[in-house]
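Analysis of the macromolecular model
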Number of protein chains: 6
Amino acid sequence: MGLTALCPGTFDPVTNGHLDIIGRAAGCFDAVLVGVLENPSKQPLFSVKERVAMLEEAVGDLSNVRVGAFRGLLVKYAKEEGAGPIVKGLRAVTDYEFEIQMAQMNHRLGGVETLFMPTSPRWSFLSSSLVKEVARFGGEVEGLVPDHVRKALVEKMGA
Amino acid sequence: MGLTALCPGTFDPVTNGHLDIIGRAAGCFDAVLVGVLENPSKQPLFSVKERVAMLEEAVGDLSNVRVGAFRGLLVKYAKEEGAGPIVKGLRAVTDYEFEIQMAQMNHRLGGVETLFMPTSPRWSFLSSSLVKEVARFGGEVEGLVPDHVRKALVEKMGA
Amino acid sequence: MGLTALCPGTFDPVTNGHLDIIGRAAGCFDAVLVGVLENPSKQPLFSVKERVAMLEEAVGDLSNVRVGAFRGLLVKYAKEEGAGPIVKGLRAVTDYEFEIQMAQMNHRLGGVETLFMPTSPRWSFLSSSLVKEVARFGGEVEGLVPDHVRKALVEKMGA
Amino acid sequence: MGLTALCPGTFDPVTNGHLDIIGRAAGCFDAVLVGVLENPSKQPLFSVKERVAMLEEAVGDLSNVRVGAFRGLLVKYAKEEGAGPIVKGLRAVTDYEFEIQMAQMNHRLGGVETLFMPTSPRWSFLSSSLVKEVARFGGEVEGLVPDHVRKALVEKMGA
Amino acid sequence: MGLTALCPGTFDPVTNGHLDIIGRAAGCFDAVLVGVLENPSKQPLFSVKERVAMLEEAVGDLSNVRVGAFRGLLVKYAKEEGAGPIVKGLRAVTDYEFEIQMAQMNHRLGGVETLFMPTSPRWSFLSSSLVKEVARFGGEVEGLVPDHVRKALVEKMGA
Amino acid sequence: MGLTALCPGTFDPVTNGHLDIIGRAAGCFDAVLVGVLENPSKQPLFSVKERVAMLEEAVGDLSNVRVGAFRGLLVKYAKEEGAGPIVKGLRAVTDYEFEIQMAQMNHRLGGVETLFMPTSPRWSFLSSSLVKEVARFGGEVEGLVPDHVRKALVEKMGA
């Protein structure tokens, strides 16, 4: 028993920056649920199924972390799963303002709290979209994502 | 006689945050013109006609406020209507930088001043796009927009 | 058993904004330790003893919250008390940058995590120093601080 | 009759950046009251009397601008003078956050609105403290402050 | 011999703000290479060929500046051309955060340094997209871009 | 011959973050002059002489870097030494705004350019004042400053 932190995101694909946040959240809460957002109005590189599978492989050695997927409002998903508070990594000040607005809306809609965890300095420049852009042009992403994600990226891009 | 403040925006749809700014601007200037932008390159949820009508209903009890619509450069519209200064609500620091650039450009193009009014803390998390996203997924928007706007949102989304 | 969140601060004096954060942290963790900083190089309005007493009265009805005081490095205090993660409220983007640097230093010094909780919009303008400035010039602080703090402020200022 | 905008500040000393804001505010409102803050806990370079005199000389050709001085809460001064809204120039994003907090506090304390006017780009780097620092080390401040202020600065520094 | 600074950008079209940065970079380094990005996933107003030609005409009187074009990763282009460090103009704080992430990624990918040069205050409001928006609606862009760029804009928009 | 970059600062004391910037600047310019500011109105922990000596030991293996000291306006020092552009490391967005104002003032006063270099992510949390605070309370600063600086800190604090 106890609190399950909810780490939501698109994870297209998961990076070492995400894993740093998930691992540290796993040390602060009894359990962590990683929630993969399925956004019908966006065109991701990897399907929800692929994103969940890559995450599951990446967090395999963290016994109190599990991975799920959701559509629609995050607060509904939190309620259904009995999860909360929401825990998010934050890289930049610019992100922070938008995230604060989301957090205040989620608090109003569902009484769910959001806690922010600063990204480790060594991953502060890292994002899924930047990783995809680097991979698209043949740059080296080793050390930025887990090895199985690197392989999946090369496969997608090379096809 | 006297100055007419110009409150421009897309208002797709008007929120309680917009109405807070319009009402407070109406207390600082002789008259207020709410200018609804018709942007041909964007796909709004509500037509200009619908947006103007929703605004007119919402500001009905403010005797020195009227609603209009415009295309193209804001400074031209301000000149044609004899309105100025421009008054805008500001939520976040990130908005502020872009808005300052617009204000400086408008000053150069037409000598029109822009004044910023900080959003009331209770609406600081509110935006038209967040309201639409909540409504799209069946979340409750009561208290975030006027009641006739809430009904219009439900109708659009439910169709 | 479980995790004790540590809410550090100067609390000179505690405001309703601080209490909002402490109360919400108490809902996210098994226990909360409020740590009052005794900074020998600063001249506070209230002594550490007074600040602790005002906090204890203010959190009296929160059964999983206790109040303590510390000098020196926060990470040492966290270790001694077996407390962590650190939980801090954040009002502004400007605060955020300094706090992130502190969080990264504390992580390096003692492996302690810091989680940030956005201040409720209704208290976003509130700080101990602003409250003291208002009280100093005879402004009304009712509703900004608990009633026993308001009385203590009037007494200090009036003397 | 009509609204009197209140432009508060320390003006130690007035710069061309301040005068740009005051002049533009004078074009947006019926009248402008420039309020010079007498802050007993700070050690200004120029006395309140000197600061008011320098301002009066600088705004002499703006017929709807007058200069006054105040101590204590700005909202009390606004009430006493029948002035409002408050109009402030803003240079930087960092200033903006603090100013928003002050504006929200002033709204709560006295129902007074605050409007922000972006500093003209050509004065965006200018502040009273930077001008004093330049003058202190013998740098040229011509073109940054009115000529009578430049002379007063040289006199103070040279003594 | 010596260092060649690399000024990358989309330049769709080049503005007086870009030229200010390029000219000042030309005074700080032995040579400057202006690198025009050909981004296949974006729809520019002017072709790469047109953008390069407009730049070449604009920098014609700067003897140590040349213009090139590239696709893909900036660090590869820098390596191929033996150019570095990267020099970028910065207008706003919001830009700065994204640019810092790019700079850190480029440092990791290719060991290339990035130096930022603050935009001159008089161009702080200027961007290619704002210029295009003004031109699209018949606003005057004289003084914001070189004259040959102004003509090219009018031609494109008028067609 | 060629350009000498000027890296100014208080360096009280020099940290590994400063050395990272100085070393990278030494790779971008023909020579680097590190300028230690002697600010008579501040009370540093180390004298100018000590700060210069610590820097000289720290940069001893960089053949194109030398260390000096100055009082008063930075632009005068740059002129006297024939140095420029100014190169500064930047950690945070909040720093950036103040630094941009200084850069614009220095450009106006002396035509001197300023270039900013983003601090390496691993030192983004590091500042002289934070190092002194940690050392003051007996925290470990190994790995944050060069070893001879660590010893000097311990000596000063322990006395």
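Up top you'll find the structure we're talking about.
The following refers to the structure shown. Here the structure is a predicted model, which is why all the values come from computation and not from measurement. (Residues numbered from 1 in each chain as written. Chains lettered and ligands numbered in written order. Predicted model: local features only at pLDDT ≥ 70, side-chain atom pairs only at ≥ 80, totals over all residues. Heavy atoms only, no water.)

1. What about the packing of aromatic side chains?
Centre distance and the angle of the planes are the two values used to describe a pair of aromatic rings. Condition: Any pair of Phe, Tyr and Trp rings, taking the six-membered ring for Trp, is counted once the centres come within 6.5 Å. Such a pair is stacked with planes under 30 degrees apart, edge-to-face with planes over 60 apart, and tilted for the rest.
Summed over all chains, the structure comprises nine aromatic pairs over all chains. Each ring, one from Phe70(D) and one from Tyr77(D), has its centre 4.7 Å from the other, and the planes form 10 degrees; the classification is stacked.

2. Things to note about the environment of Val36(D)
Residue and element names in this part refer to chain D. Selection rule: Strands are runs of DSSP state E lasting at least 2 residues, helices are runs of H or I lasting at least 4, and numbering of each runs from the N terminus. Only protein chains enter the area calculation, which uses a 1.4 Å probe; residues under 20% of their type maximum are buried, those over 50% are exposed, and those in between are partly exposed. By definition, residues are in contact when any of their heavy atoms lie within 4.5 Å.
With respect to the helices, strands and loops of the structure, Val36 is situated in strand 2 (residues 31–37). The class for Val36 is buried, based on a relative accessible area of 0%. For the pair Val36 and Leu55, spaced 19 residues apart in the sequence, the C-alpha separation amounts to 9.2 Å. For Val36, the contacting residues outside a window of four places in its chain are Gly9, Thr10, Phe11, Arg51, Val52, Leu55, Val67, Gly68, Ala69 and Phe70.

3. Quick notes on the interface of chain B and chain A
Under the convention used in this document: Note on definitions: buried area is the accessible-area loss of two parts on being combined, 1.4 Å probe, summed for both. We define a salt bridge as a side-chain nitrogen of Lys or Arg found within 4 Å of a carboxyl oxygen belonging to Asp or Glu. In protein, a polar contact means a hydrogen-donor-capable atom and an acceptor-capable atom, both N or O and within 3.5 Å, with residues adjacent in sequence counting only if both atoms are side-chain atoms; elsewhere, any N or O pair within 3.5 Å suffices. In the scheme used here, Gly and all other residues not listed as nonpolar or charged are polar, with Ala, Val, Leu, Ile, Met, Phe, Trp, Tyr, Cys and Pro taken as nonpolar and Asp, Glu, Lys and Arg as charged.
Facing the 17 residues of chain B at the interface are 11 residues of chain A. For the pairing of chain B and chain A, the buried interface totals around 1,300 Å² over both sides, and the portion due to carbon and sulfur atoms is 64%. On the surface where chain B and chain A come into contact, there are zero salt bridges. For the interface between chain B and chain A, the tally reads three residue pairs in polar contact (both at pLDDT 80 or more). Residue assignment for the side of chain B that touches chain A shows that the elements contributing at least two residues are helix 4 (93–110) and helix 5 (128–136) of chain B. Per-element tally for the side of chain B that touches chain A: the top contributor is helix 5 of chain B, with three residues. Looking at the side of chain B that touches chain A residue by residue, the classes come out as eight nonpolar, five polar and four charged.

4. Comments concerning helix 6 (residues 147–158) of chain A
All names here are of chain A. Stated precisely, the cut-off is as follows: To estimate the expected span of a helix, subtract one from its residue number and multiply by 1.5 Å. Note: the arc covers the axis-to-C-beta directions of the helix.
With 12 residues, helix 6 extends 16 Å from end C-alpha to end C-alpha; this agrees with the ideal 16 Å at 1.5 Å per step. Considered for burial, the residues of helix 6 that qualify are His148, Val149, Ala152 and Leu153. Burial along helix 6 is one-sided: seen end-on, the buried residues are contained in an arc of 140 degrees. Among the exposed residues of helix 6, those pointing more than 90 degrees away from its buried face are Val154, Glu155 and Gly158. Elements in contact with the buried residues of helix 6: helix 2 (48–58) and helix 5 (128–136).

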